[in-house]
Amino acid sequence: HGHSDDMRIRTKDLQSIGCFGGETAKYEVWSSRVKDHLIECNPAWGDLVMWAQSQKEDISEGALKEMKFGKWSGWELSRMLYSVLGRKSSDAVYKGFKQCSGGEGNGFNAWREVHRDHKGGTEIERNAGLERLIGMEGCEDIKRLDNWLDEWNELDKEYGQETDNK
């Protein structure tokens, strides 16, 4: 690679990227922004996150410590990525990273898991949700009306306004 050796991630430009709160519908835009930022810091990051998200198994701390990228070990890079993900995630998502396998501070594995949990499901889930919304039966029992309306509103909030809350 003709990449520069400097893999450090600038944090001062991260302000423009919103925090990811675990909403699948917003994952794609958020992950693209994070990826673009990493690539601006060093193009090699693009390949690294693509590699991480394509792994079928957990990426272990041990394996990362044996990998070398220029003067950096895979683990050092994973820690850098983790710090970015930590700053750009809601408390709940961050808590999930802390519990995620592969060791605390393992940014590559955190990226892999968040990708697996949200990317795989984006389209399918959105369509299933819309179908549930469209296919929801009318309310037969007046006593159940409150519950029915709550349920409908929940679905509508989650899937019905897909287009205007970007």
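You'll find the structure just up there.
Residues numbered from 1 in each chain as written. Predicted model: local features only at pLDDT ≥ 70, side-chain atom pairs only at ≥ 80, totals over all residues. Heavy atoms only, no water.

## Notes on the overall build of the protein chain
Right, so step 1: Of the regular secondary structure elements, the protein chain holds eight helices and two strands.
Right, so step 2: Element order for the protein chain, N to C, with α for helix and β for strand: α-α-α-β-β-α-α-α-α-α.
Right, so step 3: The buried share among the 166 residues of the protein chain stands at 37%.
Right, so step 4: Taking all contacts inside the protein chain whose residues are at least 6 apart in sequence as the whole, residues at least 24 apart take part in 69%.
Right, so step 5: As displayed, the protein chain has an accessible area near 9,900 Å², and 50% of this comes from carbon and sulfur atoms. (Helix = DSSP H or I, 4+ residues; strand = E, 2+ residues; numbered from the N terminus. Buried < 20%, exposed > 50% of the residue type's maximum accessible area, 1.4 Å probe, protein only. Contact = heavy atoms within 4.5 Å. Areas by Shrake-Rupley, 256 points an atom, 1.4 Å probe, with all protein chains shown as cover.)

## Here we look at the side chain of Asn 42
Right, so step 1: Along the chain, Asn 42 falls in the loop between α1 (24–41) and α2 (44–54).
Right, so step 2: Looking at Asn 42, the relative accessible area reads 1%, which means it is buried.

## Examining the nonpolar core
Right, so step 1: The biggest cluster of nonpolar side chains holds 32 residues, and the ones touching the most others in it are Trp 30, Trp 45, Leu 77, Leu 81 and Phe 108.
Right, so step 2: At seven residues, helix α4 (residues 74–87) tops the list of elements feeding residues into this core. (Core = buried A, V, L, I, M, F, W, Y, C linked by side-chain atoms within 4.5 Å.)

## Looking at the environment of Asp 6
Right, so step 1: Structurally, Asp 6 can be placed in the segment before α1.
Right, so step 2: Considered as a pair, Asp 6 and Cys 41 are 35 residues apart in the sequence and their alpha carbons are 8.3 Å apart.
Right, so step 3: Among all residues touching Asp 6, those that are not within four sequence positions of it are Cys 41, Asn 42 and Trp 72.
Right, so step 4: For Asp 6, the side chain forms a polar contact with the side chain of Arg 8, separated by 2.9 Å. (Polar contact = N/O pair within 3.5 Å; in protein donor to acceptor, adjacent residues only side chain to side chain.)

## Some points on the packing of α1 against helix α6 (residues 107–118)
Right, so step 1: The interhelical angle for the contact between α1 and α6, taken along N-to-C directions, is 145 degrees, at an axis separation of 10 Å. As for how α1 packs across α6, the hand of that crossing is left-handed. On α6, the residues that touch Thr 24, Tyr 27, Trp 30, Ser 31, Val 34 and Lys 35 of α1 are Trp 111, Val 114, His 115, Asp 117 and His 118.
Right, so step 2: Each residue belonging to the contact of α1 with α6 can be placed in one class, and the counts come to five nonpolar, four polar and two charged. (Axes fitted to C-alpha atoms, helices over the stretch in contact; angles between N-to-C directions. Left-handed = near helix turned anticlockwise from the far one by under 90°. Nonpolar A, V, L, I, M, F, W, Y, C, P; charged D, E, K, R; others polar.)

## Some words on the environment of Tyr 82
Right, so step 1: For Tyr 82, the position within the fold is in helix α4.
Right, so step 2: Judged by its relative accessible area of 6%, Tyr 82 falls in the buried class.
Right, so step 3: Sequence separation of Tyr 82 and Lys 98 is 16 residues, and the distance between their C-alpha atoms is 9.9 Å.
Right, so step 4: Discounting chain neighbours no more than four positions away, the residues touching Tyr 82 are Tyr 94, Phe 97, Lys 98, Glu 104, Gly 105, Asn 106, Gly 107 and Ala 110.

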